[in-house]
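In case you want the letters, here they are:
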Amino acid sequence: MRAPLVDGFGRVHTDLRLSLTDRCNLRCTYCMPAEGLDWLPRPELLTDDELVRVVGLLAELGVRTVRLTGGEPLLRPGVVGLVERLARLDLSLSLTTNGLSLARMAPALRDAGLRRVNVSMDTLRPERFVELTRRDRLHDVLTGLAAAKAAGLEPVKVNAVLMRGINDDEAGDLLQWALDEGYALRFIEQMPLDPQHGWDRSTMLDADEILGRLGERWSLTPVEVRGSAPAEEFLVDGGPATVGVVGSVSRPFCAACDRLRLTADGQVRNCLFAREESDLRGPLRSGASDDELAERLRVAVAGKKQGHGIGEPGFVQPDRPMSAIGG
Ligand code: SF4
């Protein structure tokens, strides 16, 4: 085993967010313009062999959990085969997806070694889904969720972003639906990661407001144990069902952060909001040894800032959009 990846604040990095592609088949208004974005050139995307090598090295450096993200990760050609190879690295694999391909792929992903899945869905109303994503595909997301559950992926989590005057009137309906269906719901504060750099804190529903809305219909009891998990969890009416709130902006959890990110084009990001990246693709393709790559990863993590700094003087949103960073 190699020495773990520790930053200047003593945080040990054991969780990798791995973006498999920047492409997506939805056009969510807070993430992408209607015409999409200029996708990363395919030759610049890490190959399956390169991904397996890097993730294997990160496992030696103490990474224990890997979340596969995008864009939309299930758009990556041969993704089931890649999941199979990553699953052999004895890591806990999860996936964040828009759910459109789950109905078709869930059993194969489960057999390949995937265990958990998060599906992004911000509304239960078909017409509002079209407004928010510019695609009429809510039905596919709902059947995808059911297929994930039927395939034995557990837990099946739903990530929902609430925006003032857009879908915040659905907070209660979304939770009631998740309780009825047996999905674990997480409300996520909208973050300044849109390509238009139009994020406005006033449209974001913060954790206090979200909990206030839910508290009108349910009793919510904080779950003590949180660890480095982004979501604060609450027992709903005494449990066992829970609801989560990810208060990235209003209740930052950076002090316990154990996450690093690798973009689909091989750039290491030591924070979701990092302004600098460390190139791994170049050294990978010019014959760097595992020791050299490990040193590069170590330096990247060592330089991590204490927190994201949103709302602080001097905060500047990253240039790279969320769709090319991954959740
Ligand atoms: S904002 Fe950065 S430091 Fe904070 S929790 Fe997220 S990744 Fe970690």
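In what follows, the structure referred to is the one given above.
Below is a summary of the structure that appears in this document. These numbers were taken from a predicted model, which means no experiment stands behind them.

Surveying the vicinity of the ligand reveals the residues Phe 253, Cys 254, Cys 257, Arg 259, Arg 261, Cys 271, Leu 272, Phe 273, Lys 304 and His 308. Each residue belonging to the shell around the ligand can be placed in one class, and the counts come to six nonpolar, one polar and three charged.

Turning our attention to the pairing of strand β5 (residues 156–161). Across the six residues that make up β5, a large majority, five, are buried. Alignment of strand β4 (residues 116–120) against β5, held across four bridges, turns out to be parallel. Across the sheet, the residue bridging to Ser 120 is Asn 159, located in β5. Bridge analysis of β5 against strand β6 (residues 184–188) gives five bridges, and the strand direction is parallel. Directly across from Lys 157, in β6, lies its bridge partner Ala 184. Where the polypeptide runs from β5 across helix α6 (residues 171–181) and back to β6, its parallel neighbour, the crossover connection is right-handed.

With that settled, consider the sheet that holds strand β11 (residues 267–269). What the 12 strands build is an open sheet, ordered β7-β8-β9-β6-β5-β4-β3-β2-β1-β10-β11-β12; its pairing is mixed. With partners counted over all chains shown, the strands left at the sheet margins are β7 (220–222) and β12 (278–279), one partner each. Relative to β4, strand β3 (residues 92–97) runs parallel, the two being bridged by four bridges. Across the sheet, the residue bridging to Leu 95 is Val 117, located in β4. In the packing of α6 onto the sheet, contacts are made with β5, β6, β8 (232–236) and β9 (242–246), and the angle to β6 comes to roughly 155°.

What follows deals with the packing of helix α2 (residues 79–87) against helix α3 (residues 102–112). α3 packs onto α2 with a crossing angle of 20° between their chain directions and a minimal axis gap of 8 Å. By the angle class used here, α2 and α3 are roughly parallel. As for how α2 packs across α3, the hand of that crossing is right-handed. Of the residues in α3, those touching α2 at Val 79, Val 80, Val 83, Glu 84 and Ala 87 are Met 105, Ala 108, Leu 109 and Ala 112. Considered class by class, the residues forming the contact of α2 with α3 number eight nonpolar, no polar and one charged.

Here the focus is the pattern of salt bridges. By the definition in use, this model includes 26 salt bridges. Glu 50 is the partner of Arg 285 in a salt bridge, and the nearest nitrogen-oxygen pair spans 2.8 Å. In this pair, Arg 285 is assigned in helix α8 (residues 281–285) and Glu 50 in helix α1 (residues 48–60), connecting sequence segments 235 residues apart. Judged by relative accessible area, which is 38%, Arg 285 ranks as partly exposed. For Glu 50, a relative accessible area of 14% puts it in the buried group. A salt bridge links Glu 277 to Arg 320; the shortest N-O distance between them is 2.6 Å. Remark: Arg 320 occurs in the segment after α9 (290–302) and Glu 277 occurs in the loop between β11 and β12; sequence separation between them is 43 residues.

With that settled, the discussion passes to the pairing of β9. The two faces of the sheet receive side chains in turn, since in a regular strand these alternate between them. In terms of burial, β9 is largely enclosed, as five of its five residues are buried. Note that β6 and β9 share four bridges and pair parallel. Looking at the pairing, Ile 188 lines up with Val 246 of β9. In this sheet, β9 lies alongside β8 in antiparallel orientation, the contact comprising four bridges.

Cut-off values and rules
Residues numbered from 1 in each chain as written. Predicted model: local features only at pLDDT ≥ 70, side-chain atom pairs only at ≥ 80, totals over all residues. Heavy atoms only, no water. Near = heavy atom within 4 Å. Nonpolar A, V, L, I, M, F, W, Y, C, P; charged D, E, K, R; others polar. Buried < 20%, exposed > 50% of the residue type's maximum accessible area, 1.4 Å probe, protein only. Helix = DSSP H or I, 4+ residues; strand = E, 2+ residues; numbered from the N terminus. Pairing = 2+ DSSP bridges. Right-handed = clockwise from strand over helix to strand, strands pointing away. Contact = heavy atoms within 4.5 Å. Axes fitted to C-alpha atoms, helices over the stretch in contact; angles between N-to-C directions. Parallel < 35°, antiparallel > 145°, perpendicular 65-115°, else oblique. Left-handed = near helix turned anticlockwise from the far one by under 90°. Salt bridge = Lys/Arg side-chain N within 4 Å of Asp/Glu carboxyl O.

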